[in-house]
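# What the coordinates show
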Amino acid sequence: MSFNLRLCMLTAVIFIAGCDGVWNNPYGLSEGSEDMVYYSTFSERPQFLDPARSYSTTAYQFIQQIYEPPLGYHYLKRPFALRSLSAERMPTVRLLDAQGRELPPDTPPNQVRYSEYIIDIQPNILYQPHPALARREDGGLRYHNLTEADLAAINTLSDFEHTGTRELIAEDFVNEIKRMADPRRHCPVTGILGEYIVGFTEFRERIKAQQDEWSFDLRPYSISGVQVESRYRYRIRLHGVYPQFIFWLAMPFFAPVPWEADVFYAQDGMSQRNLNLHWHPIGTGPYMLTENNPNLRMVLERNPNFRGETYPSDGDPGDREAGFLRDAGRTLPFLDRAIYSLEKESIPRWTKFLQGYYDMSGIGSDSFDQAIQYSGTGEAGVTDEMRERGIDLSTAIALTVYYMGFNMIDPVVGGTSERSRLLRQAISIAVDYEEYIAIFNNGRGIPAQGPIPPQIFGAHLGEANLNPHVYRWREGRAERRGIEEARELLRQAGYHKGIDQETGKPLTLYYEAVGAGPDAKASLNWLRKQFAKLDIQLVIRATDYNRFRAKMREGAGQIFQWGWHADYPDPENFLFLLYGPNAQVDNDGPNSTNYRNPEYDALFSQMKNIPNGPKRQRIIDQMMEILRHDAPWAWGYHPVDYVLSHDWMINNKLSTISYNTLKYHRIDVDRRAQKRAEWNAPVVWPLWLALIVLIALIATALIGFMRRERERAR
Amino acid sequence: MTAYIIRRALYAIPILIGVNLLTFALFFVVNSPEEVARLHLGDKQVTQEQVEAWKYERGYHLPLMYNGEAEGAEQFTETIFYTKSVRLFAFDFGNSDSGRNIGHDIRQRMWPSLALAVPSLLLGLLLNTTLALMLAFFRGSYLDVGGVVLCVALMSVSALFYIIGGQYLVGKLLQMVPISGYDTGFEALKFLVLPILISVVYGIGSGTRWYRTLFLEEISKDYVRTARAKGLSEQWVLFRHVLRNALIPILTGVVVLLPLLFMGSLITESFFAIPGLGSYTIDAIQRQDFSIVRAMVFLGTVLYILGLLLTDISYTLADPRVRLN
């Protein structure tokens, strides 16, 4: 009895002593009230934080706060607009002939041999404090000749006593391009970079041939097409014309990395301590990673050497009214720290958000009804409960498309025959994505009319964007064609009522599903029913993702669903998913359906090399008509991101392409503290009730015990 | 006893090889090295050259079990199985497929696992023994019958229910502790209260029922009857005689678990975001990181074998009649 009682009281004392009125604060005493700290989560640990290797949204939410490529996206403007970041200005682009002579800017792309990007970077940008840059009094790098004895007491980067910095120079950008070419770095985009950057592939081949002899210090080696022109200027020469290259310059792949970091981390004993660039980045951005414990939390702190960017002074119409310009011209960043806690499960994450311990949150399907309600016009808004808590909703259409693909080299659903085309069209009508979005996505999505999402050049608005093969325009909105029309198409294809008129056998199609567990079962059943509307029997072939991908590479699948998230906001980044030379089976490319149409391919080649304008739009319209007619995809849907934020979050305009937005966020710390205290007062009476019940039980047991003893004694 | 321990250690070698072989076969039946490489390299635009380079760096370019192109012993040693397995026996786990040092990670992550598992075990042991003694004392009464029914009910509920229910009740409704998370040092205490409480409550049903059975078995023995005939009080009989003798199977049952405490709890750690070895293993399985899965299975096997050995030894300490031959 006494032990249990003492335990309960001890627990209570610990809480009361340590939690200052609120017992459930997960940040506890370490939270400094004077700091402006942003609290968020991550559910999966980022695998790589090296900008040459990293290619996932999980990693980008960290490294885009740390590294600064030459360009970035304007925080407020939509459609997305590029602007200079660590560059002084937008790059100068020169077109050259085979002899290297400059050509006029309006030279037709097929007459251009090279294009050259000349990039001037801002002077006086400094790296974050880092031991790789620490120098001794004699000027030598302090930690570049470490012995095992020197490393004996080192377990984390903060164990190094000294740090240093230096100015960012053009050579650091060039170093990063060399790092991407280095096969030891496993850069995931070497294929496309090798295609365009002059000398990139040759450099890569040279390293591969002598891999063991090459040092990680790449300064002595050079890529012919990437040259340092001065301390603050470098140039990149490309084969031919590749206008989309400008977007690459806004990706972390092209962020600067100092050679000192490579040499520092390459020393013996570093990797055994997990000290490498994958885990301990070094950048010039507004934040630096001061705690990297991906098993627990990641902490970004203000980089004391940050150059001091200012908040944008212009934005979209309505941004001023929405309060997005109230900090115009103020120096960034606002936040002192950002703490990202590992949260794998949705229930604790959601609960902590409601308790005020996370500042922003996505919405899981299990909490959707609690958070969101739709108005009579179908507009999404927060529920009364959320409104009372001061929670706001932001939405943005993601630059993503989820589609149902038909393998175009499959003898039944693929090919260019009218029979297979009609079959695909019939299926495209029958699979009701409006219903799918409503049931499985809580209404968070818009049915796709083609591969290009809205907000991207090339996609029209309203009726002009309609896919007339699947929809008709009625009363100001797109309406899916009726199932009778799909059945008629199926009849024309020779599968009347789902019977192959040539063989007399029922039509059976095969769907490659990734996973068939309880979560997927409902959506697979739904899909089966969509095909059953046409009397087509759909056989689900469930497999794991690895095997699914292998089937795609081999062209062994028939019908499948897949998705694509844009790297950059250009129609080329979606239309290339259907470009013939990118076919997955032949060239291991991203064209998963292996669709080939010479007319489409020719138009794609034209479209990708010209700037946005009426001419490009006309070509895209032609391409869209070809795609809608051939129907290699049932066009699926574009998801819509829903993000909730507390009213103490200031400047939180959603961006679906750029992740370096942390520097713009500001927090009303006092309001947050007040709300947290208000929402999280512990409910103590059950504790006392439990104690009373426990005491009563023990007393009863004791009385019973004594009574038995007495009975025995008698 | 030394000879016995040496003999058991030698027995462990074929067991470890067998378990390693089984893990290897199961893993690579599901995934080829090519697929693992593609998974690790990411989704977009992965070239065959990158896949080959990734495999080469991690030794996955070799044949799985038998190298037909090699000669002599190298036909077996120049394989993924041999190169990945042999150093495990020196507890050199190498790097994970994503490049992190596994030994370093294990050393870091075993502490949160222990911080959760040790108090759960000790408190559970204490509480279950107390409750079982009480039920044994009131055997045949309504309290006993009610207690057993309650134990069966507690046993019948899934662990997930306890976790989610506990988080909802204590973390969300009562707001007494953080609903999940972890921290270092004393700050960890408030994060551990709820998972420990849930672990203890979850174990009450099975633990109390088992211990009650052990106590009842002892109570019906002749020496207890003799003790009572001597006029000893029931309290004295229970605590001095029954408890001490029933503790032998209880303690030996606990000893086998001791080394496995390092391995952590797969579900609890994941739900409470505790960065222990249990969540490490789950993550590795989800990411298909063979190096970590193999290391953790190997470590688990070693610890289990160690636990069994300790159990045997503890028998000899607890019961003088037992001799290890």
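Each remark here, short or long, concerns the structure printed above.
This one's a predicted model, so the numbers in the text were calculated from it and none came from an experiment.

### Brief notes about the overall build of chain B
Along its length, chain B carries 14 helices and zero strands. Scanning chain B from its N terminus toward the C terminus, one meets helices and strands in the order α-α-α-α-α-α-α-α-α-α-α-α-α-α. Relative to the compact-globule value of 20 Å for 325 residues, chain B shows a C-alpha radius of gyration of 25 Å, a clear excess of over 25%. Counting over 325 residues, chain B shows a buried share of 34%.

### Examining unusual backbone geometry
Residue proline 79 of chain A is reached from arginine 78 of chain A by a cis peptide bond, and omega for that bond is -5°. Following the sequence through the fold, proline 79 of chain A ends up in the loop between strand 2 (71–73) and strand 3 (82–84). Residue leucine 332 of chain A is joined to proline 333 of chain A through a cis peptide bond whose omega torsion reads -5°. Looking at where proline 333 of chain A falls in the secondary structure, it is placed in the loop between strand 10 (297–302) and strand 11 (337–342). Look at lysine 497 of chain A: it is not a glycine, yet its phi comes out positive at around 50°. Notably, glutamine 175 of chain B is not glycine yet its phi reads approximately 55°, a positive angle. Counting through the fold element by element, glutamine 175 of chain B comes out in the loop between helix 8 (159–173) and helix 9 (188–219).

### With respect to the sheet that holds strand 4 (residues 92–96) of chain A
Residues and elements named next belong to chain A. Spatial ordering of the open sheet is given by 5-4-6-8-7, a layout of five strands whose pairing is antiparallel. The sheet is open, and its two borders are formed by strand 5 (102–103) and strand 7 (226–230), each paired with just one other strand. Examined bridge by bridge, strand 4 and strand 5 share two bridges and lie antiparallel to one another. The residue bridging leucine 95 from the neighbouring strand is leucine 103, located in strand 5.

### Quick look at the sheet that holds strand 1 (residues 37–42) of chain A
All names here are of chain A. An order of 1-11-10-9 is seen for the four strands of this open sheet, with the pairing classed as mixed. Where the open sheet ends on each side, the last strands, each with one partner, are strand 1 and strand 9 (287–293). In this sheet, adjacent strand axes meet at a mean angle of 20° when their direction is disregarded. For strand 10 and strand 11, the ladder comprises five bridges, and the chain directions are antiparallel. Considered in strand 11, the bridge of glutamate 301 is made with arginine 337. Most of the contacts of helix 2 (residues 57–66) go to strand 9, to which it runs at about 140°, and overall it touches strand 1, strand 9 and strand 10.

Rules used in this analysis
- Residues numbered from 1 in each chain as written.
- Chains lettered and ligands numbered in written order.
- Predicted model: local features only at pLDDT ≥ 70, side-chain atom pairs only at ≥ 80, totals over all residues.
- Helix = DSSP H or I, 4+ residues; strand = E, 2+ residues; numbered from the N terminus.
- Rg over C-alpha atoms; globule rule 2.2 N^0.38 Å.
- Buried ≥ 20, exposed ≤ 12 C-beta atoms within 10 Å, placed from the backbone.
- Pairing = 2+ DSSP bridges.
- Axes fitted to C-alpha atoms, helices over the stretch in contact; angles between N-to-C directions.
- Contact = placed C-beta atoms within 7 Å.

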